[in-house]
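In case you want the letters, here they are:
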Amino acid sequence: MLQSDKLVLHNFNAGPSVLPKEVFEEASRAVLNFNDSGLSILEIGHRTPLFVPVMEEARQLVKELMLLDDDHEVLFLHGGATTQFMQVPMNLLPDNGMAAYTETGTWANKAIKEAKLFGHVEIAGSSKEDNYRSLPKNLNVSPTAAYLHITTNETIAGTQWHTIPYDCGVPLVADMSSDILSRVIEFNKFDLIYAGAQKNMGAAGVNLVVVSKKILGRVERVIPTILDYRNHIKEASMLNTPPVFAVYVAMLTLRWLKQQGGVRVMEKRNGEKAKLFYDTLDTLPVFRGVVAKEDRSKMNAVFVMDDANLEKEFLDLCKKEGMVGVKGHRSVGGFRVSMYNALAIESVKAITDLMKHFAVSKS
Ligand SMILES: *Cc1c(COP(=O)(O)O)cnc(C)c1O
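These figures come from a predicted structure and were not determined experimentally. All residue numbers here refer to positions counted from 1 along the written sequence of the relevant chain. Note on the predicted model: pLDDT of at least 70 is required for a residue's local features to be given, and 80 or more for side-chain atom pairs to be given and counted; whole-chain, interface and lining totals, by contrast, use all residues. The side-chain numbers reported here are obtained from all heavy atoms of the structure, hydrogens and water having been left aside.

Draft legend 1. Here's a closer look at helix 2 (residues 52-66). Between its first and last C-alpha, helix 2 extends 21 Å over 15 residues, near the 21 Å set by a 1.5 Å rise per residue. Using a 1.4 Å probe on the protein chains alone, a residue whose accessible area is under 20% of its type maximum counts as buried, one over 50% counts as exposed, and one in between counts as partly exposed. We count a stretch as a helix when DSSP gives it H or I for four or more residues in a row; a strand needs E for two or more, and each element gets its number in order from the N terminus. Turning to helix 2, its buried residues are Val54, Met55, Ala58, Arg59, Leu61, Val62, Leu65 and Met66. Along the long axis of helix 2, the arc covered by the buried residues comes to 155 degrees, so they all point the same way. Buried-residue contacts for helix 2 involve strand 3 (72-77), strand 11 (207-212), helix 6 (244-260) and helix 7 (263-283). One or two residues past the end of helix 2 sits Leu67, with phi positive at roughly 55 degrees. For a helix, the expected span equals 1.5 Å multiplied by the number of residues minus one. It is the directions from the helix axis to the C-beta atoms that the arc portrays. In what follows, residue pairs with any heavy atoms lying within 4.5 Å of each other are defined as contacts.

Draft legend 2. Spatial organisation of the sheet that holds strand 9 (residues 172-175). Two strands are counted as paired when DSSP detects at least two bridges linking them. Overall, mixed pairing links the 7 strands, which are arranged 3-11-10-9-6-4-5 in an open sheet. Only two strands of the sheet have a single partner each, and these edge strands are strand 3 and strand 5 (120-126). Sheet twist, expressed as the average angle between the axes of neighbouring strands with direction ignored, equals 20 degrees. As judged from the 4 bridges shared by strand 6 (residues 148-151) and strand 9, these two strands associate in the parallel manner. From the neighbouring strand, His149 faces strand 9, where its bridge partner is Val173. Axis lines are fitted to C-alpha atoms, over the contacting stretch for helices. Their N-to-C directions set the angle, which ranges from 0 to 180 degrees. Running over the sheet, helix 2 touches strand 3 and strand 11 and is turned about 135 degrees from strand 3.

Draft legend 3. Representation of the site of the ligand. Taken together, 13 residues surround the ligand, and among them Thr82, Thr155, Asp175, Gln198 and Lys199 come closest. One of the backbone nitrogen or oxygen atoms of Ala81 is found 3.2 Å away from an oxygen atom of the ligand. Here, Shrake-Rupley sampling with a 1.4 Å probe gives the accessible areas, and only protein chains in the shown set may cover a residue. Burial of the ligand by the protein amounts to 87% of the accessible area it has alone, namely 380 Å². The greatest single-element share of the shell around the ligand, amounting to 4 residues, is contributed by helix 3 (residues 80-92). Each residue receives one of three labels: charged for Asp, Glu, Lys and Arg, nonpolar for Ala, Val, Leu, Ile, Met, Phe, Trp, Tyr, Cys and Pro, and polar for the others, Gly being one of them. Taken together, the residues of the shell around the ligand break down into 3 nonpolar, 8 polar and 2 charged. Note on definitions. A residue lies near a molecule or strand when any single heavy atom of the residue is within 4 Å of it. A 3.5 Å cut-off defines polar contacts: any pair of N or O atoms within that distance qualifies, except that in protein one atom must be a possible hydrogen donor and the other a possible acceptor, and neighbouring residues in sequence count only when both atoms are side-chain atoms.

Draft legend 4. Here's a closer look at the domain arrangement of the chain. Domain ranges listed in this record stem from an automatic or a database domain assignment. Splitting the chain by domain gives domain 1 (24-260) and domain 2 (262-361). Listed per partner, the contact involves 26 residues of domain 1 and 26 residues of domain 2. What gets called buried area is simply the loss in accessible area from a 1.4 Å probe that two parts show on being joined, summed for both. Together domain 1 and domain 2 conceal approximately 2,200 Å² of surface at their shared face, both sides included; 54% is due to carbon and sulfur atoms. For domain 1, the biggest contributors to the area lost against domain 2 are Ile156, Val184 and Gln260; these three give 24% of the whole. Note on definitions: salt bridges are taken to be side-chain nitrogens of Lys or Arg within 4 Å of carboxyl oxygens of Asp or Glu. One salt bridge connects Lys137 with Glu294, and the closest N-O pair in it is separated by 3.9 Å. Seen at the junction of domain 1 and domain 2, the total is 16 residue pairs in polar contact (both at pLDDT 80 or more). Secondary-structure elements contributing two or more residues to the side of domain 1 that touches domain 2 are strand 8 (159-160) and helix 6.

Draft legend 5. Summary view of the packing of helix 2 against helix 6. Where helix 2 contacts helix 6, the two axes come as close as 9 Å, and the packing angle between them is 40 degrees. It follows that helix 2 is oblique to helix 6 by the angle criterion. Helix-helix and strand crossings are classified by hand; for helix 2 and helix 6 the assignment is left-handed. Of helix 6, the residues touching helix 2 (which contributes Val54, Met55, Glu57, Ala58, Leu61, Val62, Glu64 and Leu65) are Val247, Tyr248, Met251, Leu254, Arg255, Leu257 and Lys258. Among the residues making up the contact of helix 2 with helix 6, the classes are represented as 11 nonpolar, no polar and 4 charged. Roughly parallel here means an angle under 35 degrees, roughly antiparallel means over 145, roughly perpendicular means 65 to 115, and every remaining angle is called oblique. Take the far helix as the reference: if the near one is turned anticlockwise from it by less than a right angle, the crossing is left-handed, and if turned clockwise, right-handed.

Draft legend 6. Quick look at the environment of Ile150. In this structure, Ile150 sits in strand 6. Separated by 22 residues in the primary sequence, Ile150 and Leu172 have C-alpha atoms spaced 7.9 Å apart. Setting aside its immediate chain neighbours within four residues, Ile150 contacts Thr102, Trp161, Ile164, Pro165, Val173, Ala174, Asp175 and Phe190.

As structure tokens, this is what we get:
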């Protein structure tokens, strides 16, 4: 929650999105004077004794929070999740090989499009027929697939895998951009996880990649230096200049997460927030959730109004009351309320109260 001209703001942005206030404060101080060095974090070398410990702490915190085993390496890379759509198949999908993908929405489709540049793609399950308002229940994964790719949380469609297909029989790869570290997951059962930081883990400009060493080196193509995970592992995520400030903000957010009690505490809080939101949504006839109940995302709630004429009125009210980022994605319309780790339950209380108030005024 932030203040603007006495109005308390509640930030439901889908990404970049809300971060803990402590992180904003600490990051601001570091811009002026980093760790009492007299220098700004923006003007120090990445291989200096000032920054190397930041990168090391960020990687260590990820290992700790995800309970990773020694086979899993943690990298902070440039380019956002969109670069991973291409970098994953470039490193894991052999020229004449095949990878299985789940087709669950905008983000999964972007990943599929890039994978096709490198090999064959088999759709292991799709919810396209349902306009991505649910998730496929029975997956068909060929045992010859180089890997299965899932998008654990579809930020735009508002779906989330609550049952992870750990036992799909092939290496498992996931885009966790919008629900990373929001719930307890068996992270070691994934061979590769990637996530843009700007939704649940920090500022835009850096990407977390967790990769199992076992899965690398199986393709024969020539991989450009900067795109080969093995080079980044060898150089401890310092192959070239990393996005120093973005890594620092991610490290602060990870520290905050640990102080709060880790992933287990996040899962509990996110469960409470989502329950409050959806329970309210389901009691108000003016609003309607668009996603199948069992597949609803605890991070991004997508909903509409049956009377579309009222949508603008509700959005204007949100604006007046300091509710930021409630407008739905341009491709879906309606509304989207994002409830990432750093969003306080008070903010969910505020928007559900406003929804109730609006519903009463229309009945
Ligand atoms: C936002 C998002 C992306 C894209 O991230 P960029 O950092 O903008 O490349 C990919 N996948 C998911 C699930 C997202 O939410």
